[in-house]
Amino acid sequence: MVLPGVLLAALVALAVTSGAYLVPKALEAVPAPSATPAFGADGASVPPPVWASPGDVPGGGVVSAPPSLPVPGTGIGGLPQPTVGNTRPADALAGWASEIGTRVSIPVVAVQAYVYAELVTAQTTPGCHLNWTTLAAIGEVESSHGSVNGAVLGADGVALPAIIGLPLDGQGGRQLIPDTDQGVMDLDKTYDRAMGPMQFIPSTWKETAIDADRDGVVNPNDVDDASLTAAVYLCKGGRDMSNADSWWDAILSYNAVRPYAEKVFRVADDYGRRSKM
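Residues numbered from 1 in each chain as written. Predicted model: local features only at pLDDT ≥ 70, side-chain atom pairs only at ≥ 80, totals over all residues. Heavy atoms only, no water.

K.L.:
Looking at this structure, I do not really get the overall build of the protein. What am I missing?
P.N.:
For the protein, the helix and strand inventory stands at 8 helices and 2 strands. Ordering the α and β elements of the protein from the N terminus gives α-α-α-α-β-β-α-α-α-α. Taking all 277 residues of the protein together, 51% fall into the buried category. For the protein, restricting intrachain contacts to residue pairs at least 6 apart in sequence, the fraction spanning at least 24 positions comes to 68%. When the accessible surface of the protein is summed, it comes to about 11,700 Å², and 58% of that surface belongs to carbon and sulfur atoms. (Helix = DSSP H or I, 4+ residues; strand = E, 2+ residues; numbered from the N terminus. Buried < 20%, exposed > 50% of the residue type's maximum accessible area, 1.4 Å probe, protein only. Contact = heavy atoms within 4.5 Å. Areas by Shrake-Rupley, 256 points an atom, 1.4 Å probe, with all protein chains shown as cover.)

K.L.:
What is the right way to read the nonpolar core from this model?
P.N.:
In summary, soluble globular proteins display a tendency toward joint burial of nonpolar side chains. Among the nonpolar cores identified, the biggest contains 59 residues, and I106, Y114, L135, M198, L234 and Y254 are the most heavily contacted of them. Contributions of two or more residues to this core are made by α2 (94–104), α3 (108–124), α4 (132–143), α6 (223–235), α7 (244–254) and α8 (258–275). When residues of this core are assigned to their parent elements, the largest contribution, 10 residues, is made by α3. Residues contacting I106, with those up to four places away along its chain left out, are G101, V111, Y114, W132, A136, H145 and Y271. (Core = buried A, V, L, I, M, F, W, Y, C linked by side-chain atoms within 4.5 Å.)

K.L.:
How do you make sense of the state of the cysteines when you look at a structure like this?
P.N.:
What makes a disulfide is a covalent bond joining the sulfur atoms belonging to two cysteines. The final tally for this structure, using the stated rule, is 1 disulfide. Shown here is the disulfide that connects C128 with C235, its sulfur atoms set 2.0 Å apart. Since a negative S-S torsion denotes a left-handed disulfide, the C128-C235 link at about -80 degrees is left-handed. Note that C128 is positioned in the loop between α3 and α4 and C235 in helix α6, a separation of 107 residues in sequence. The exposure class assigned to C128 is buried, which follows from its relative accessible area of 1%. Using a relative accessible area of 7% as the deciding quantity, one classes C235 as buried. (Disulfide = S-S within 2.5 Å.)

K.L.:
Mind showing me how you'd approach the side chain of E118 here?
P.N.:
Looking at where E118 falls in the secondary structure, it is placed in helix α3. The buried charged residue E118 lacks any salt bridge partner; its closest oppositely charged side chain belongs to K276, at an N-O distance of 11 Å. (Lys, Arg positive; Asp, Glu negative; His and termini not counted. Salt bridge = Lys/Arg side-chain N within 4 Å of Asp/Glu carboxyl O.)

K.L.:
Would you take a moment to explain unusual backbone geometry for this structure?
P.N.:
Note on backbone geometry: most residues besides glycine have negative phi, and most peptide bonds are trans. Geometrically, the link from L160 to P161 is a cis peptide bond, its omega value of -10 degrees lying close to zero. Even without glycine at this site, H129 takes up a positive phi of about 55 degrees. One non-glycine residue, H145, adopts positive backbone phi at about 55 degrees. Locating H145 in the fold gives a position in the loop between α4 and β1 (152–153).

K.L.:
Explain α8 here, please?
P.N.:
Residues spaced three or four apart along an α-helix point in a common direction, a consequence of the helix completing one turn every 3.6 residues. End to end, α8 covers 26 Å across 18 residues, agreeing with the expected 26 Å (1.5 Å per residue, within 8%). Along α8, the residues that are buried comprise Y260, A261, E262, V264, F265, V267, A268, D269, Y271, G272 and S275. Looking at the buried positions of α8, the neighbouring elements they touch are α2, α4 and α7. (Expected span 1.5 Å × (residues − 1).)

K.L.:
How do you make sense of the pattern of salt bridges when you look at a structure like this?
P.N.:
Once the charged atoms of two side chains with opposite charge are near each other, the side chains can pair. Using the criterion set out here, one finds 8 salt bridges in the structure. A salt bridge links R174 to D169; the nearest nitrogen and oxygen atoms lie 3.1 Å apart. Accessibility expressed as a relative area gives 27% for R174, which makes it partly exposed. Owing to a relative accessible area of 17%, D169 belongs among the buried residues under this scheme. A salt bridge links R274 to D270; its shortest N-O distance comes to 2.9 Å. With R274 and D270 both in helix α8 and 4 residues apart, the pair spans about one turn of that helix. Residue classification places D270 among the partly exposed positions, given a relative accessible area of 32%. Salt bridges linked by common partners bring R88, D91 and D224 together as one network.

K.L.:
Which parts of the structure should I look at to understand α4?
P.N.:
Here α4 spans 16 Å end to end across 12 residues, near enough to the 16 Å set by a 1.5 Å rise per residue. Across the 12 residues of α4, 10 count as buried, placing the element largely inside the fold. Within the sequence span of α4, burial applies to W132, T133, T134, L135, A136, A137, I138, G139, E142 and S143. Downstream of α4 by one or two residues, S144 has phi in the positive range, about 50 degrees.

Geometric descriptors of this kind do not, in isolation, establish any biological role.
Written as structure tokens, this is what we have:
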């Protein structure tokens, strides 16, 4: 199902008028460590895998933000920041996300978060051209959309119990990362651990985190916050995710392991194809 641009514009306009659709303040593009622990030192790009055509990026999904979409409440340029109360902004996409979630076998609450992050990114960093299917692929590879280790995404987008990865103690092929947050976020005072549906390490989360649902808390276990934070991270440095080199650089900056990047490509491409059926 391809969602017509006019219908998407109407949906978002409705959310805007109801005070539900908010674009949080974008963060400055500053250097940051990789989001996940298996990061490399040189940040070099790699060519697409052998099963992808030269210059490929994964197939996009059915949503792209209309260029004329208004940007309410960014806090940028003196614009006021509206109050949402208890409304989750991504809920404005619930009806559409329900059908797409069924098509691609992703929980609706996660689809809402990924698509909302694309819409926000299309306004705050329009040159990035990030597609929700890339975020969804990262969410699948990292945590099966917030369901790893028995976790469940609630209606508010928060994974319970909290998703905390194995200690980054240098064992079992894991990176060695001594504690950077005194165990406040990852509950480990000896080593860092990756957190939440998108598996951020504490140092990256502290530098990049965004309160996407404006509930007053930046929570790595909230799929809304984690998805938009991942989007901002991927778009840093002026990346254009419609460009193959930029796409691969972005994914490898998230986790600099070739098989990881190839799996994200395959999953994102699959989501793009299935969402268009």
